[in-house]
Amino acid sequence: MTPKRRQRVLLIAVMVIGVGIAAGFALNAFNENLMFFYTPSKVVAGEAPAGHLIRVGGLVTKDSVKRQQDGLTVVFDITDNAETIQVQYTGILPDLFREGQGIVAHGRLQGDRMFVADEVLAKHDENYMPPEVADALKTAHEAGVAGKAAATN
Amino acid sequence: MFNNFFHKMASPKYFYRIAGSLIPWLAGACLLFTLAGLYYGLYLAPPDYQQGESYRIMFIHVPAAWMSMFVYVVMAGAGAIGLVWRIKLAEIMVISSAPIGASFTFLALVSGSLWGKPMWGAWWVWDARLTAELILLFLYLGIIALHGAIEDRRTAARAVAILTLVGVINIPIIHFSVEWWNTLHQGPTVTRFDKPAIHISMLIPLLLMAVAFKLYYAFVVLMRARCELLERESNAGWVRELVESK
């Protein structure tokens, strides 16, 4: 490599690394704003701004979904397996909305653990498998749990 | 031997001939892989346990998104080579790739939007993954516009190479966005250190389609590069010989 070319390689490397560092600092500074949603733990810890439009995300707690009399309003709990908050939503839920499923709700906090949503989005996970495999996994898991329970009894 | 090969490939005349004979093979292979991938993906592969049939849009969306990043990395590599060694062919590769990369990015965004509506409940959300991919589309469009704005092709190629290298930081941001921040978009399924979180009967058509998209890029970029080469070299002896021999 001639000295001139080596100099150009160096310049390019300095430029790419420099831009990388700048982008790193910028993204780090905006870290909170880049989060698409707050987790229930953050909400309970008071890190989410009250009264502002925000998003919260978590898993829908089992057996917590309750429909109100009007047939459209739903109340359910979401959790990140550490803290739980309650979400109230009036409207049509996405197809993937189910207990145990991850969701993201957009709306305002009311009080400490109550969230009034105007939009609910379903979040799906990165696992793809045929229904039979999912069933087999579920059966095996339940058998395993039952086996463990029998062993401790 | 390698050195010799690269020197030959960098010669416009030799490249023009080799590329011309490669194109039909690459295009044929692309067609075969596309047909096999679509048949396997739309017909043989089972529905998903959670998303039912709609997950099949993945066989277009995921390869398009991979290619949108792959093409950019190729452009950045070619741009760096062009800047350091001033090889004309590297410059041509950068600008010939840009419209293809932009199309893949557009396809990834549109197919993702069509997937998002039934699954998430929204066409578009401003989460980190989607926004970074949209920035990638603007980068591609900016590169095309910058190249078009400068008359002298060598100057244009250098400006474009620098812009491409500045934007390359967006590629790791796109890839890791789903791990660094909370996003609505789910995490990586195939490109992770753990074993892929996808059943083998769905992974095979996905990989078939990924190969098909790669082959598509390969033959279209060669076609575009040949065309660009003829335009640039229109005064060279070998082009005149080529025209006269026809």
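Keep in mind the model is a prediction, meaning the values are calculated, not measured.

We now examine the layout of surface pockets. Any empty space left between the atoms is revealed when a probe the size of a water molecule rolls over them. Roughly 930 Å³ of volume is contained in the largest pocket. Forming the boundary of the largest pocket are 33 residues, of which A:Gly100, A:Gln101, A:Asp125, B:Tyr49 and B:Gln50 lie nearest the centre. Along the lines of polarity and charge, the residues of the lining of the largest pocket split into nine nonpolar, 15 polar and nine charged.

Time to look at the pattern of salt bridges. All names here are of chain B. For the structure shown, the criterion picks out nine salt bridges over all chains. With its nearest N and O atoms 2.7 Å apart, the salt bridge here joins Glu 233 to Lys 88. Here Glu 233, found in the loop between α8 (200–232) and α9 (237–245), pairs with Lys 88, found in helix α4 (residues 88–119); they are 145 residues apart in sequence, far enough to count as distant. Judged by relative accessible area, Glu 233 falls into the buried class, the value being 9%.

Okay, the domain arrangement of chain A next. Looking at chain A, the domain boundaries give domain 1 (3–32) and domain 2 (35–123). Computed from C-alpha coordinates alone, the two centres of domain 1 of chain A and domain 2 of chain A are separated by 40 Å.

Contacts between the two partners involve 38 residues from chain A and, on the opposite side, 45 residues from chain B. Around 3,600 Å² of area is buried between chain A and chain B when both sides are counted, 65% of it from carbon and sulfur atoms. Our count for the chain A to chain B interface comes out at zero salt bridges. At the boundary of chain A and chain B, one finds 15 residue pairs in polar contact (both at pLDDT 80 or more). Each residue belonging to the side of chain A that touches chain B can be placed in one class, and the counts come to 24 nonpolar, six polar and eight charged.

We now examine the pairing of strand β5 (residues 102–110) of chain A. All names here are of chain A. The element β5 is extensively covered by neighbouring structure, given that seven of its nine residues are classed as buried. Of the pairings in the sheet, the one linking strand β1 (residues 53–60) to β5 comprises seven bridges and is antiparallel in character. When the bridges of β5 are listed, Leu 53 appears paired with Arg 108. Where β5 lies against strand β6 (residues 114–123), nine bridges are found, and the strand directions are antiparallel. Each residue of the ladder has a partner; that of His 106, found in β6, is Glu 119. From the end of β5 to the start of β6, which pair antiparallel, there are three residues, and Gly 111 there has a positive phi angle of about 80°.

What counts as what
- Residues numbered from 1 in each chain as written.
- Chains lettered and ligands numbered in written order.
- Predicted model: local features only at pLDDT ≥ 70, side-chain atom pairs only at ≥ 80, totals over all residues.
- Heavy atoms only, no water.
- 1 Å grid on protein atoms, 1.4 Å probe; cavity = no way out; pocket = protein on both sides within 12 Å on 5 of 7 lines; lining within 4 Å.
- Points joined across faces, edges and corners; volume = space filled by probe spheres on them.
- Nonpolar A, V, L, I, M, F, W, Y, C, P; charged D, E, K, R; others polar.
- Salt bridge = Lys/Arg side-chain N within 4 Å of Asp/Glu carboxyl O.
- Helix = DSSP H or I, 4+ residues; strand = E, 2+ residues; numbered from the N terminus.
- Buried < 20%, exposed > 50% of the residue type's maximum accessible area, 1.4 Å probe, protein only.
- Domains from an automatic or database assignment.
- Contact = heavy atoms within 4.5 Å.
- Buried area = accessible area lost by both parts, 1.4 Å probe.
- Polar contact = N/O pair within 3.5 Å; in protein donor to acceptor, adjacent residues only side chain to side chain.
- Pairing = 2+ DSSP bridges.

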